[in-house]
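Residues per chain are reported as follows:
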Amino acid sequence: YMYPLYIENGAYFRKELQAKKIFIPTLWPDVFEVCTDSQLEYNMAKNIGFKNINVDLMIGLPNQKLEEVNDSVKKVINLKPNHISVYSLILEEGTKIAKKIKKGELSLPKDELEREMYWNVKNQLQDNGYNHYEISNFAKKGFESKHNMNCWNQKEYLGFGAAAHSYFKSIRYSNIENIEEYIKNIKNNEFEKNKDVNKDKTNLYVPVYKVIQCHHH
């Protein structure tokens, strides 16, 4: 996998060098057949010097219960990460988990329960000093995603690498996803062939959550 390299405000960074993202499907191991020790990974990242650590927390998982989610959030908060993302499961057709649900081997929480999970997580995180600055993102003050905030504010950025996205000179575009073709075009000095201007539809990107917050107040 080729990590996209981004340039924003003249600063170079690669996510795996500057910040650490840890995925925690749940802290209850019976949800998936295999669940890595995410807490151990978090502590290892912290011990080797990562200062800015994000934790991804999944809700709406098969057989997941509200009390399990609440307990997971408490454990994540105790880790004291600077940034937490909360995502609801989206089933992708053809995946193992989708097939098991279709066969009735697994069942998803009802929509009402999933929404209750989300609001419980939201309230707990806000009560513990996390700013809810995007639909799925919560951060301690000053640790909001710089890239995300640049997008909200329509600031330009450059992305390098297969499948990376850019917004430059008022044009949004993405790079082609095929790595071999991407490298071939670079070697042949055919850089324009790596751009797919029509694929990136984020020209219509609107700060919806901020609008909702304004109307709420």
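Relevant structure appears above.
Residues numbered from 1 in each chain as written. Predicted model: local features only at pLDDT ≥ 70, side-chain atom pairs only at ≥ 80, totals over all residues. Heavy atoms only, no water.

A. Examining helix α3 (residues 66–79) more closely. Between its first and last C-alpha atoms α3 spans 20 Å; for 14 residues at 1.5 Å apiece the expected length is 20 Å, and the two agree. Within α3, the full set of buried residues consists of L66, E68, V69, N70, S72, V73, V76, I77 and L79. One or two positions beyond α3, positive phi appears at K80, with a value near 60 degrees. (Helix = DSSP H or I, 4+ residues; strand = E, 2+ residues; numbered from the N terminus. Expected span 1.5 Å × (residues − 1). Buried < 20%, exposed > 50% of the residue type's maximum accessible area, 1.4 Å probe, protein only.)

B. Local environment of the sheet that holds strand β10 (residues 171–175). Read across the open sheet, the three strands follow the order β9-β10-β11; overall the sheet is antiparallel. The sheet terminates laterally at β9 (165–168) and β11 (195–196), the two strands that pair on one side only. Two elements, β10 and β11, share two bridges in a ladder whose sense is antiparallel. Bridge pairing in β11 places S174 opposite D196. (Pairing = 2+ DSSP bridges.)

C. Inspection of the pattern of salt bridges at higher detail. Taken as a whole and judged by the stated rule, the model has four salt bridges. Here K193 makes a salt bridge to E190, at a shortest N to O gap of 3.5 Å. Exposure remark for E190: the relative accessible area of 31% places this residue in the partly exposed category. For the salt bridge of K195 with E192, the shortest nitrogen-to-oxygen distance reads 3.5 Å. Judged by its relative accessible area of 34%, K195 is partly exposed. (Salt bridge = Lys/Arg side-chain N within 4 Å of Asp/Glu carboxyl O.)

D. Representation of the packing of aromatic side chains within the structure. For the coordinates displayed, the defined rule picks out one aromatic pair. Taking the centre distance of 5.9 Å and the plane angle of 85 degrees together, the rings of Y118 and W119 count as edge-to-face. Taking the ring centre of Y130 as reference, the NZ or CZ of K140 above it sits at 4.4 Å. The ring of Y167 is capped by R172, whose NZ or CZ atom sits 3.8 Å from the centre of that ring. (Phe/Tyr/Trp six-rings, centres within 6.5 Å; stacked < 30°, edge-to-face > 60°. Lys NZ or Arg CZ within 6 Å of the ring centre and 35° of its normal.)

E. How the structure looks around helix α5 (residues 111–127). Taking 1.5 Å as the rise per residue, α5 with 17 residues should run 24 Å; its terminal C-alpha atoms sit 24 Å apart, in good agreement. The positive-phi residue at the C-terminal boundary of α5 is G129, with phi of around 85 degrees.

F. Local environment of the nonpolar core. Residues I59, V69, V73, I84, V86, V121 and L125 are the most contacted members of the largest nonpolar core, which totals 21 residues. For this core, the secondary-structure elements that each account for two or more residues are α2 (38–47), β4 (53–59), α3, β5 (83–88) and α5. Considering every element that reaches this core, the biggest residue donor is α3, with six residues. Ignoring anything within four residues of it in the chain, the contact list for I84 reads N54, V55, V76, L125, Y130, S136, N137 and F138. (Core = buried A, V, L, I, M, F, W, Y, C linked by side-chain atoms within 4.5 Å. Contact = heavy atoms within 4.5 Å.)

G. Structural context of the pairing of strand β6 (residues 131–134). The sheet contact formed by β6 and strand β7 (residues 137–139) spans three bridges and is antiparallel. Across the sheet, H132 pairs through a bridge with F138, a residue of β7. What sits between the antiparallel neighbours β6 and β7 is a turn of two residues.

H. Up close: the environment of A98. As for its position among the elements, A98 is in helix α4 (residues 96–103). In this structure A98 comes out as buried when scored by relative accessible area, which is 15%. If near-sequence neighbours (up to four positions away) are discounted, A98 is found in contact with L91 and E92.

I. View of unusual backbone geometry. The backbone of N63 sits at a positive phi, close to 65 degrees, despite the residue not being glycine. Locating N63 in the fold gives a position in the loop between β4 and α3. One non-glycine residue with positive phi stands out, namely S170, at about 65 degrees. Its place among the elements puts S170 in the loop between β9 and β10. By relative accessible area, S170 is classed as exposed at 57%.

J. Summary view of the packing of α3 against α5. Closest axis-to-axis distance for the α3/α5 pair is 10 Å, and the angle between their directions is 25 degrees. In terms of axis orientation, α3 runs roughly parallel to α5. Between α3 and α5 the crossing geometry is right-handed. Along its contact with α3, which presents L66, V69, N70, V73, K74 and I77, the element α5 presents L113, E116, M117, N120, V121, Q124 and L125. (Axes fitted to C-alpha atoms, helices over the stretch in contact; angles between N-to-C directions. Parallel < 35°, antiparallel > 145°, perpendicular 65-115°, else oblique. Left-handed = near helix turned anticlockwise from the far one by under 90°.)

Honestly, it's all geometry; don't read function into it.
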